[in-house]
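In case you want the letters, here they are:
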Amino acid sequence: MATEWSLTIDCARPAKLAEFWALALGYVQAPPRVGFGSWDEWFTHYGVPEEERDQAAYLSDPDGVRPNLSFLQVPEGKTVKNRLHLDVQVGGGRETPWEVRWPRVIEAVERLIAAGATVIREDELRGKPDHVVMADPEGNEFCVL
């Protein structure tokens, strides 16, 4: 049996970065834990001080299939290239004809630029564009393919 896991992203502005990734991945704000009507109820129950309640944000897959994402505020900024990154797989995979796949990639890249991402580079495979390396609003690298 596989172990359940989630991905945590350190950042400066958790709510803002979670908003970006919700758009990028089609995720939603994670519902409060079972037994609680809201995150504030959960925070109160576990004694989280008011001033710390905006230091994290949580996203989940609306279908409940993919891993949850957590965004935690940290004091230091990003200084080096990620050793782990997300691949936003909007194109349908390399088995999808390039003429179908690449316009999907371009549409997603344009949508993510409008949401605050930047293009780092476009990589090719066999002389055609294959995927786009981007950075989220806090500089975390990811690929759109």
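Bear in mind the structure is a predicted one, so any value in this text is a computation, not a measurement.

Undergrad: Is there a simple way to think about the pairing of strand S7 (residues 128–135) in this case?
TA: Regular strands place side chains that alternate from one sheet face to the opposite one. With respect to burial, S7 is a largely interior element, seven of its eight residues being buried. Here seven bridges tie strand S6 (residues 118–125) to S7, and the two strands are oriented antiparallel to one another. Looking at S7, one finds that Glu-124 is bridged to Pro-129. Linking S6 to S7, which pair antiparallel, is a turn of two residues; within it Arg-126 sits at a positive phi near 55°. Relative to strand S8 (residues 141–144), S7 is paired through four bridges, and the arrangement is antiparallel. Across the sheet, residue Val-133 finds its bridge partner in S8, namely Cys-143.

Undergrad: Please explain the packing of aromatic side chains as it appears in this structure.
TA: Note on aromatic pairs: each is described by the distance of the centres and the angle between the planes. A complete count under the given rule lists 10 aromatic pairs for this structure. Pairing Phe-20 with Trp-21 gives two aromatic rings, centres 5.3 Å apart and planes at 90°, and the pair type is edge-to-face. Judged by relative accessible area, Trp-21 falls into the buried class, the value being 2%.

Thresholds applied
- Residue numbering note: each chain is counted from 1, following its sequence as written.
- Only residues with pLDDT of 70 or above have their local features reported here, since the model is predicted, and side-chain atom pairs are shown and tallied only from 80 upward, although totals for entire chains, interfaces and linings are computed over all residues.
- As a rule here, side-chain values come from all non-hydrogen atoms in the structure, and water together with hydrogens is ignored.
- Exposed residues in this analysis have more than 50% of their type's maximum accessible area, buried residues have under 20%, and partly exposed residues fall in between, with area computed by a 1.4 Å probe over protein chains only.
- In this text, helices come from DSSP runs of H or I with a minimum length of four residues, and strands from runs of E with a minimum of two, each type numbered from the N-terminal end.
- If DSSP finds at least two bridges between two strands, the strands pair.
- Here a Phe, Tyr or Trp ring, Trp counted by its six-membered ring, pairs with any other such ring whose centre lies within 6.5 Å, and the pair is stacked when the planes are under 30 degrees apart, edge-to-face when over 60, and tilted otherwise.

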